[in-house]
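Descriptive analysis of the structure
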Amino acid sequence: MKLGQIFLLFFAFFLALRPSYPRPAPYAMRISCGAHNDVHTPPTNTFWYRDFGYTGGIPANGTRPSYITPPLKTVRYFPLSAGPENCYIIDRVPHGHYSIRIFLGLVSDPNFDNEPLFDVSVEGTLVSSLQSGWSNHDDERAFVEALVFLDDGSASLCFHSTGHGDPAINAIEILQVDDFAYNYGPQWGQGIILRTHRRLSCGAKYPKFDADYSGDHWGGDRLWNPVKTFGYGSDSAIQTTNSIKVASNSPNFYPEALYQTAIVSTDSRPEIEYTTDVDPNRNYSIWLHFSEIDPSITAVGQRVFDIKINGDVAFQNVDVLSISGGIYTALVLNKTVSVNGRSLTITMQPKEGHPIINAIEIFEVVFTESKTLPDEVRALQALKSALGLPLRFGWNGDPCVPQQHPWSGAHCQFDNTSSKWNIDGLTLDNQGLRGFLPNDISKLHHLQSINLSGNSIHGPIPSTLGTITSLKILDLSYNYFNGSIPESLGQLTLLRILNLNGNSLSGRVPAALGGRLLHRASFNFTDNAGLCGIPGLRTCGPHLSVGAKFGIALVSCIVLLLVVTCLVCWWKRRQNILRAQRIGARDAPYAKARTHFSRDVQLNRHHGHEHTRTAAENGPILLS
């Protein structure tokens, strides 16, 4: 028995063991990018959620680059001014296996690049780099599709600018598939992403999705592109309306109609050959679909052929009728190969009769990137918010992966122990930062270097910096840091360069830092008027705080004002007294004469009264 037959028997046995009870509907999330309202699209009345709260960017009117692109009227694009990395973060996605499809779009504006070129990553792993000409094809090049395991409750889809136009997205689909879908062997699993390279329906006339074939929802609504011929008329297309057995079985749930058309070679060209361009030095998983629908084949051995991939025999003596167990029965052969060149060629070489093929699927096998430690990602997001990081930095998605697009200003290193990335350096000097340094920076446990010099960062230096024991370089110079230098910085035994000059720090330099100046450490505390305690700075003493100094100055001013007010009042009173005395001295002789005159008059009057009283007392004079 051949290797291919052994694999197929094992695969059939595996399927037979799987439960057959009814399954619930798979999770499905479809987003119309840039849309303000939910949308339904023909011909299947597909529901698309409005685009709200998933990402940044700018909504705009859009055009469809291909007729297989959903008939949606909007896109969301991401100008470079908003940062080189922009991501859709979709939360509350159940743990499972998913087909993620990102439909590319074009902005309806003549001022925009008609065909932006950018990179696409899923869950931190680069899955596609758009090539020039993608907008001129009505096939898989109109979208990016990948089979991915999601296990953290969210999906992260990022678009990375490469300087060739602003990324624009028409729609996003996240469709749950069977957990064992496209299991190609021992290496398959959660560390693998399968990126769709080509998917062909042989003998079909039109491109169709699984939904158009009335396929099972657990199949992921795949797009099947039609191939009418491989040899410019040297082969023939056949079809049937008969039912196909074991077509829509778990775990891949292929639509039955996929096996009702096929291409068969002819005498003019007995071989069937298909070639596609691929990226070199990659692994590709190839899935070949067969069903004996040719009524002229009635017995085993009438159609036998070998299958070669890039000249190497992958399957020998393939007899579809024999291996599948009968006519109108689906058969799937899978082979994963390493490709060194830039093309992949599949050849069906006849041994008896003419080869037949119903469908072809080709996936690039992508090994997932290890992500950055979650605590450190959250710490960087907190730092981004606290420092008011400019939009041009982006800082969206994962800081370290994909490795082709790390965050600007954040330096990464891989930890073999945890198999995770961590942050070992921050270089954000002279970037116009105006916020404050949060305590969460201490969660970046692996930092060896921090350079935030030449910004306008204010507030105190977090004492939690002293817990980053790996720190060797700390440069906070020429900012607006105030308060005292935390004593905890003295615990950084590996610290060799400490620049705190050009700030508004005050108080005594911690003794643990001052003592290290004699041990080949380079510390700079100058241009901080309030610092003291080490050579080069003022001596420490009972110095008043700034608030106390201000209070004393204010009280002194009030006292001085009161003293001045009292002196002015006393002076004015003195002047009034002196003026009165001068007036009194000038008028004294006149006043004395008046006094004497008044006294004489009073005396004379008194004397007259006395004489009058005497006459009266004596009585009238009697005349004789």
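Quick look at the structure, then. All of these numbers come straight from a predicted model, not from anything done at the bench. (Residues numbered from 1 in each chain as written. Predicted model: local features only at pLDDT ≥ 70, side-chain atom pairs only at ≥ 80, totals over all residues. Heavy atoms only, no water.)

Attention now goes to the pattern of salt bridges. Counted under the stated rule, the structure contains 19 salt bridges. Glu292 is the salt-bridge partner of Arg303, the closest N and O atoms lying 2.9 Å from each other. Here Arg303, found in the loop between strand E20 (282-290) and strand E21 (304-309), pairs with Glu292, found in the loop between E20 and E21; they are 11 residues apart in sequence, far enough to count as distant. With respect to burial, Arg303 and Glu292 carry one shared label: buried. Lys443 is paired through a salt bridge with Asp440; the nearest N and O atoms lie 3.7 Å apart. For Lys443, a relative accessible area of 40% gives the class partly exposed. With relative accessibility at 31%, the residue Asp440 sits in the partly exposed group. Through salt bridges with shared partners, a single network forms among Arg30, Arg101, Glu145, Glu173, Arg199, Asp221 and Glu361. (Salt bridge = Lys/Arg side-chain N within 4 Å of Asp/Glu carboxyl O. Helix = DSSP H or I, 4+ residues; strand = E, 2+ residues; numbered from the N terminus. Buried < 20%, exposed > 50% of the residue type's maximum accessible area, 1.4 Å probe, protein only.)

On to helix H3 (residues 374-387), then. The terminal C-alpha atoms of H3 lie 20 Å apart, and with 14 residues this matches the ideal 20 Å at 1.5 Å per residue to within 8%. Those residues of H3 that fall on the buried side of the exposure criterion are Glu376, Val377, Ala379, Leu380, Leu383, Ala386 and Leu387. A positive backbone phi angle near 65° is found at Gly388, which sits one or two residues after H3. (Expected span 1.5 Å × (residues − 1).)

Time to look at the layout of surface pockets. The calculated volume of the largest pocket comes to roughly 1,200 Å³. If you go around the largest pocket, you meet 44 residues; those closest to its centre are Arg195, His197, Asp277, Asp279 and Glu364. Secondary-structure elements contributing two or more residues to the lining of the largest pocket are strand E10 (125-129), strand E11 (143-150), strand E14 (192-202), strand E16 (223-227), strand E19 (272-277), E20 and strand E26 (359-367). Looking at side-chain class alone, the lining of the largest pocket contains 16 nonpolar, 16 polar and 12 charged residues. Reported here for the second largest pocket is a volume of approximately 710 Å³. Lining the second largest pocket are 36 residues, and of these Ile89, Ser156, Val377, Gly397 and Asp398 lie nearest its centre. Counting only elements with at least two residues in the lining of the second largest pocket, the list comes to strand E6 (85-91), strand E12 (154-164) and H3. If one sorts the elements of the lining of the second largest pocket by residue count, H3 sits on top with five residues. When the residues that make up the lining of the second largest pocket are grouped by side-chain class, the tally is 14 nonpolar, 14 polar and eight charged. (1 Å grid on protein atoms, 1.4 Å probe; cavity = no way out; pocket = protein on both sides within 12 Å on 5 of 7 lines; lining within 4 Å. Points joined across faces, edges and corners; volume = space filled by probe spheres on them. Nonpolar A, V, L, I, M, F, W, Y, C, P; charged D, E, K, R; others polar.)

Another point: the side chain of Asp235. Residue position: Asp235 is located in strand E17 (residues 235-239). Buried within the structure, Asp235 lacks any salt-bridge partner; its nearest side chain of opposite charge belongs to Arg269, at an N-O separation of 6.9 Å. At a separation of 2.4 Å, a polar atom in the side chain of Asp235 contacts the side chain of Thr229. A polar contact of 2.9 Å, which involves the side chain of Asp235, links it to the backbone nitrogen of Phe230. Contact partners of Asp235, with chain neighbours within four places excluded, come to Lys228, Thr229, Phe230, Ile263, Val264, Ser265 and Thr266. (Lys, Arg positive; Asp, Glu negative; His and termini not counted. Polar contact = N/O pair within 3.5 Å; in protein donor to acceptor, adjacent residues only side chain to side chain. Contact = heavy atoms within 4.5 Å.)

With that settled, the discussion passes to the pairing of E20. Within E20, seven of the nine residues are buried, which leaves it mostly tucked inside the rest of the structure. Where E20 and strand E23 (residues 331-339) come together, nine bridges link them in antiparallel fashion. Bridging from a neighbouring strand, Phe290 pairs with Leu331 of E23. (Pairing = 2+ DSSP bridges.)

Our focus in this paragraph is the state of the cysteines. Tallying each qualifying case throughout the model produces three disulfides. Across the disulfide, Cys87 is cross-linked to Cys158 (sulfur-sulfur distance 2.0 Å). Here the S-S torsion is close to 105°, and the disulfide linking Cys87 with Cys158 is therefore right-handed. Here the residue Cys87 occupies a position in strand E6, and Cys158 occupies one in strand E12, the gap between them amounting to 71 residues. When its relative accessible area of 4% is taken as the criterion, Cys158 is described as buried. Here the cysteine-cysteine linkages of the protein chain are recorded as 1-2, 3-4, 5-6, numbering only bonded cysteines and doing so in sequence order. Among the cysteines around Cys566, which has no disulfide bond, Cys569 carries the closest sulfur, lying 6.5 Å off. Residue Cys569 is classed as partly exposed on the basis of its relative accessible area of 49%. (Disulfide = S-S within 2.5 Å.)

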